[in-house]
Amino acid sequence: MAKIALITGATSGIGAACAHLFAAQGYHLILVARRENLLSDISKRLTDKYAIEVKTVLADVKDQEDLSYKLEGLSSNLKEVSVLINNAGLSQGLDPIDKGSISDWDTMIDTNVKGLLYVTKIVSNWMIDQKAGHIINIGSIAGQEVYPNGNVYCATKHAVDALNKGMRIDLLPHGIKVTAINPGMVETEFSVVRFKGDEGRAKKVYDGFEPLVANDIAEAIWFAVSRPAHVNINDMLIMPTAQAAATIINKS
Ligand code: NDP
Ligand code: 8X3
């Protein structure tokens, strides 16, 4: 029977690239995000191209009650999830701590940390029932380093790093693998979202060097997932060749 992957934040960037790559590998998919039209588009494209089933779940990972209702309401065969990709996440703003917006902070903490936990609590229990599974947590270079004005976003990704380690310990007796994939700069909608729709400012982030693309990260995730049963990749830091550290970039 084909395996199932559940991907959060599947309508754009890294999550969408994972949906394509896992579909190409024959996985059935459960795709979670907030934009209904994009979920429908990606579902149609994948089911037209591959002999797989796609279940879309229109949900905001911040909304624990609704998320739980929708995920627990899935049919029991869909709960046999082999791979969970905790990818939904965002940055909001790039301000010094004294000028930061409390609403931006709440959104980042509620999405990147609490949302990831809400999804993990549900899906890890399904995996425990199967005594198998693989959880991929999308962290960041921002979870390894702190850069100017990155404060709260960096804190959320440091939290993902800690949770990744904690999950691996707690889920060890159940045979569940846990991996963090930590990218450097990837050109997706990420900077447009960080700068609240200012596409000009977002584009400048990637001017003068070649950033990663979403598929680079999807391929790294696939590498981790496709290792033999006795091998776990604990974490992987993947950077553009032109980026040596969070703020050290060789721009032309
Ligand atoms: P995108 O903005 O392109 O994609 C983010 C995805 O997350 C979208 O599909 C969005 O879908 C979804 N999402 C955001 N908030 C929620 C929510 N509350 N509930 C459900 N889905 C949500 O960014 P990336 O692909 O770049 O980001 C994916 C992950 O990678 C994030 O965790 C990010 O922090 C991390 N990352 C990104 C890097 C980069 O340079 N781009 C580098 C390192 C890590 P929708 O709006 O439809 O809900
Ligand atoms: C996203 C990468 O360096 O913009 O996590 O924080 S960075």
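The structure displayed is predicted, hence computed values, not measured ones.

Caption draft 1: The packing of aromatic side chains, seen in detail. Across all of its chains, the model carries 4 aromatic pairs by this definition. For the ring pair phenylalanine 22 and tyrosine 27, a centre distance of 5.1 Å and an interplane angle of 80 degrees mean the geometry is edge-to-face. Phenylalanine 22 gets classed as buried once you look at its relative accessible area, which sits at 0%. Positioned above the aromatic ring of tyrosine 153, the side-chain terminus of arginine 194 is 5.3 Å from the ring centre.

Caption draft 2: Broad picture of the nonpolar core. Phe22, Leu29, Leu31, Leu46, Ile85, Ile136 and Ile221 are the most contacted members of the largest nonpolar core, which has 39 residues in total. When residues of this core are traced back to their parent elements, those giving at least two are strand 1 (4–8), helix 1 (13–24), strand 2 (28–33), helix 2 (36–49), strand 4 (83–86), strand 5 (133–138), helix 8 (214–225) and strand 7 (235–238). Counting residues in hydrophobic clusters, the runner-up holds 25 residues, among them Leu67, Leu71, Ile176 and Val178.

Caption draft 3: Structural detail: the site of ligand 1. If you check the shell around ligand 1, you find 29 residues, and the closest are Thr11, Ser12, Arg34, Tyr153 and Thr188. Measuring from an oxygen atom of ligand 1, one finds a side-chain N or O atom of serine 12 at 2.5 Å. Considered on its own, ligand 1 offers 890 Å² of accessible surface; in the complex 96% of this is hidden by protein. Secondary structure elements with two or more residues in the shell around ligand 1: helix 1 and helix 5 (151–171). Classifying every residue of the shell around ligand 1 by side-chain character gives 12 nonpolar, 11 polar and 6 charged.

Caption draft 4: Just the packing of helix 4 (residues 102–130) against helix 5, in detail. With their axes 9 Å apart at the nearest point, helix 4 and helix 5 run at an angle of 15 degrees to one another. Looking at the two axes, helix 4 sits roughly parallel to helix 5. Considering the relative orientation of helix 4 and helix 5, their crossing is right-handed. Only Asn151, Val152, Tyr153, Thr156, Lys157, Ala159, Val160, Leu163, Met167 and Leu171 of helix 5 make contact with helix 4, whose side of the interface consists of Trp105, Met108, Ile109, Asn112, Val113, Leu116, Leu117, Thr120, Ser124 and Ile128. In terms of residue class, the contact of helix 4 with helix 5 is built from 14 nonpolar, 5 polar and 1 charged.

The rules behind each value
- Residues numbered from 1 in each chain as written.
- Chains lettered and ligands numbered in written order.
- Predicted model: local features only at pLDDT ≥ 70, side-chain atom pairs only at ≥ 80, totals over all residues.
- Heavy atoms only, no water.
- Phe/Tyr/Trp six-rings, centres within 6.5 Å; stacked < 30°, edge-to-face > 60°.
- Buried < 20%, exposed > 50% of the residue type's maximum accessible area, 1.4 Å probe, protein only.
- Lys NZ or Arg CZ within 6 Å of the ring centre and 35° of its normal.
- Core = buried A, V, L, I, M, F, W, Y, C linked by side-chain atoms within 4.5 Å.
- Helix = DSSP H or I, 4+ residues; strand = E, 2+ residues; numbered from the N terminus.
- Near = heavy atom within 4 Å.
- Polar contact = N/O pair within 3.5 Å; in protein donor to acceptor, adjacent residues only side chain to side chain.
- Areas by Shrake-Rupley, 256 points an atom, 1.4 Å probe, with all protein chains shown as cover.
- Nonpolar A, V, L, I, M, F, W, Y, C, P; charged D, E, K, R; others polar.
- Axes fitted to C-alpha atoms, helices over the stretch in contact; angles between N-to-C directions.
- Parallel < 35°, antiparallel > 145°, perpendicular 65-115°, else oblique.
- Left-handed = near helix turned anticlockwise from the far one by under 90°.
- Contact = heavy atoms within 4.5 Å.

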